[in-house]
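# Close look at the chain arrangement
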Amino acid sequence: MAHMIEVAKSGRASCRTCKKPIAKGELRFGEEVPNQFAAGEMTYQWHHLECAAKKKPGPLKQALETTTESVPNKDALLATIADAAKAIDHEPANHEHYH
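Residues numbered from 1 in each chain as written. Predicted model: local features only at pLDDT ≥ 70, side-chain atom pairs only at ≥ 80, totals over all residues. Heavy atoms only, no water.

## Remarks on the side chain of His48
- Structurally, His48 is set in strand β3 (residues 42-48).
- Among the polar contacts made by the side chain of His48, one reaches the main-chain carbonyl oxygen of Pro21 at a distance of 3.1 Å.
- Discounting chain neighbours no more than four positions away, the residues touching His48 are Cys15, Cys18, Lys20, Pro21, Ile22 and Glu26. (Helix = DSSP H or I, 4+ residues; strand = E, 2+ residues; numbered from the N terminus. Polar contact = N/O pair within 3.5 Å; in protein donor to acceptor, adjacent residues only side chain to side chain. Contact = heavy atoms within 4.5 Å.)

The structure is reproduced here in structure tokens:
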């Protein structure tokens, strides 16, 4: 398994970024993470594609490059990913203010 994009199977999952539900039938991004309830197993944290483009640009870009799903707004997502990556690159490494 790896990060993935898929059609939501139900409307039960919520976006881990904005906390709003991901509607059944909507494309969603699954970030593969260790399962905290089963040692050695992996699970997914789900995000709206637009939310992931802003908060998880690298993993979403990888998933967009490998998905077999048709992503109608792929160009817009890639533009958001590029903007988010630039913002991350411009943040100070240690968040300290220099006087």
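## Details of unusual backbone geometry
- In the Ramachandran plot, Lys19 falls in the positive-phi region, its phi being about 75° despite a non-glycine side chain.
- Among the structural elements, Lys19 can be located in the loop between β1 (4-7) and β2 (27-34).
- Owing to a relative accessible area of 58%, Lys19 belongs among the exposed residues under this scheme. (Buried < 20%, exposed > 50% of the residue type's maximum accessible area, 1.4 Å probe, protein only.)

## Here we look at the side chain of Arg28
- Residue position: Arg28 is located in strand β2.
- Accessibility expressed as a relative area gives 6% for Arg28, which makes it buried.
- One polar contact links Arg28 to Glu6, side chain to side chain, over a distance of 2.5 Å.
- In contact with Arg28, not counting residues within four places along its chain, are Met4, Ile5, Glu6, Val7, Ala8, Lys9, Ala13, Ile22, Trp46, His47 and Leu49.

## Some points on the packing of aromatic side chains
- Applying the stated rule across the entire model yields one aromatic pair.
- For the cation-ring pair, Arg28 lies above Trp46, with the distance from its terminal atom to the ring centre recorded as 3.6 Å. (Phe/Tyr/Trp six-rings, centres within 6.5 Å; stacked < 30°, edge-to-face > 60°. Lys NZ or Arg CZ within 6 Å of the ring centre and 35° of its normal.)

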